[in-house]
Amino acid sequence: MSNNHYDVIIIGTGAGGGTLAHRLAPSGKKILVLERGSFLPREKANWDTVEVFHKDRYHTSEVWYDKDGEEIRPGTGYWVGGNTKVYGGALFRWREKDFEKVAHKGGISPEWPLKYRDFEPYYTEAEKLYEVHGKRGTDPTEPPAKESYPFPAVSHEPRIEEIHNALEVKGLHPFHQPLAIKLNEVNRRLNACIRCDTCDGFPCLVNGKADADINCVRPSVDSYNNITLLTEARVLRLHTSESGREVTKVEVLVQGQRIFFSADIVVVSCGRWKFLSF
Ligand SMILES: Cc1cc2nc3c(=O)[nH]c(=O)nc-3n(C[C@H](O)[C@H](O)[C@H](O)COP(=O)(O)OP(=O)(O)OC[C@H]3O[C@@H](n4cnc5c(N)ncnc54)[C@H](O)[C@@H]3O)c2cc1C
Ligand code: SF4
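Residues numbered from 1 in each chain as written. Chains lettered and ligands numbered in written order. Predicted model: local features only at pLDDT ≥ 70, side-chain atom pairs only at ≥ 80, totals over all residues. Heavy atoms only, no water.

1. Overview of the overall build of the protein
When you go through the protein residue by residue, the secondary structure sums to 5 helices and 12 strands. In terms of overall size, the protein behaves like a compact globule, its C-alpha atoms giving a radius of gyration of 21 Å where 278 residues would be expected to give roughly 19 Å. If you line up the protein on its principal axes, its C-alpha atoms span 65 × 45 × 45 Å. By the burial criterion, 37% of the 278 residues in the protein qualify as buried. A sequence separation of at least 24 residues applies to 61% of the contacts in the protein between residues at least 6 apart. Counting every atom, the protein has about 16600 Å² of accessible surface; 53% of that belongs to carbon and sulfur. (Helix = DSSP H or I, 4+ residues; strand = E, 2+ residues; numbered from the N terminus. Rg over C-alpha atoms; globule rule 2.2 N^0.38 Å. Buried < 20%, exposed > 50% of the residue type's maximum accessible area, 1.4 Å probe, protein only. Contact = heavy atoms within 4.5 Å. Areas by Shrake-Rupley, 256 points an atom, 1.4 Å probe, with all protein chains shown as cover.)

If you want it as C-alpha cells, here you go:
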C-alpha cells in the first residue's frame, strides 16, 4: 500500500470536517485532513470593522457565476476551522419538524430518513465539544434534550436585560441564545472571551470562540500522531471507478504541487458552496 494511502481522508476543516477529525482521532486510524486554507492569522485587523467587512480581509476574492452567468461574490473564507472562524457561535438544535417534509418558498425540503431523536445524543456531544452556554426550558420552541447545556447561559448586556424583562411583562418568552463561547462569568480569570464589541462575522483575536479550529483541529493534531493535517492543500478533483461508485484518487494541489492520495473512506466536508471553485 502506498504511503499516500489512508484509512480516511477528510476534505475541509470546518464545522463538519473539523468535528469529524476530532471524533475519529482516538480511533487510531490513519487519517489525512486536507484543508485549502491556512491558519487564520491573529492580528489587530481581526476586530477591525473596515478590514473585516469593507475590505473583505478574510473572504476569498474569487468571483463565481450562477446558472444565469450572474456574478456571485461568495463571502466565504478558506481557513482552518472554515466558516466557524467567523461564525456567531449561536448553536441551536434543529427542531423535530425540520426533519419532516418542509415546504419552502423555493421548493420542498424532503423528509429525512433519520429523525431528531436519532440525532439527540450527538447534539448533546456537540454541545459539550463546542462549550455551548444556554438554559433549557426557556425557549418555547426547543426540542426535547436529555441533558442541560454544559455551561450556564451568557448574561445579558444591561439594555438587553431591560428588553428581556419588558417582553416577559407582556407575556412573551425571550430566551438566551445558546452560544459556543469560552466565557466563565463566575471566575473571570478562566475566560478566553473578553466580551468585546465584535463577534458574529469577525475572527476572534483572543481565541474566545469555541470553533472547529480551536476546539477540534488543533487538539486533535497536537494529541494524535495518526492524524496528518495538510494546509494550503486544495482538492481539485475526485477520480472515480468506472461505475462512479468508488473514489479511486483524490487530486490535490499542495502548496503549488499536484499530488494524488487515496483512502478507504473519503469524506467531502468542504462547505455548502460548489466543491470545485476556481
Ligand atoms: C458570518 C457567519 C456567521 C455564522 N454564524 C453562525 C451561527 O451563529 N450559528 C451557526 O450554527 N452557524 C453560523 N454560520 C454558519 C456556519 O459557520 C456554517 O454552517 C458551517 O461552518 C458549515 O460547516 P461546513 O463544515 O459545512 O463548512 P465550512 O465551515 O465552510 O468549512 C469548509 C472547509 O472546507 C475548506 N475547503 C473548501 N474547498 C476546499 C477544497 N477544494 N479543498 C480543501 N479544502 C476545501 C474550507 O477552507 C473550509 O475550511 C455562520 C456563517 C458565517 C459566514
Ligand atoms: S472576545 Fe468573545 S465576544 Fe469578542 S469575538 Fe471573541 S468570543 Fe466573540
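Next, the rest of the story.
2. What to know about the site of ligand 2
Every residue near ligand 2 is listed here: Trp47, Ile181, Cys193, Ile194, Arg195, Cys196, Thr198, Cys199, Cys204, Val206, Gly208 and Lys209. Partitioned by chemical class, the residues of the shell around ligand 2 number 8 nonpolar, 2 polar and 2 charged. (Near = heavy atom within 4 Å. Nonpolar A, V, L, I, M, F, W, Y, C, P; charged D, E, K, R; others polar.)

3. Re the domain arrangement of the protein
As far as domains go, the protein holds domain 1 (1-86 + 206-278) and domain 2 (90-180). Each of domain 1 and domain 2 has a C-alpha centre, and these two points are 27 Å apart. If you look at the interface, domain 1 gives 10 residues, while domain 2 gives 6 residues. A buried area of about 610 Å², summed over both sides, lies between domain 1 and domain 2, and 49% of it is on carbon and sulfur atoms. (Domains from an automatic or database assignment. Buried area = accessible area lost by both parts, 1.4 Å probe.)

4. Regarding the nonpolar core
Grouped together as the largest cluster of nonpolar side chains are 12 residues: Tyr6, Ile9, Ile11, Leu32, Leu34, Ala233, Val235, Val250, Val252, Val254, Phe261 and Ala263. Beyond its immediate sequence surroundings of up to four residues, Ala233 is in contact with Leu34, Glu35, Arg36, Val252, Leu253 and Val254. Core analysis: the second largest hydrophobic core is formed by 10 residues, Ile10, Ala21, Ile31 and Val217 among them. (Core = buried A, V, L, I, M, F, W, Y, C linked by side-chain atoms within 4.5 Å.)

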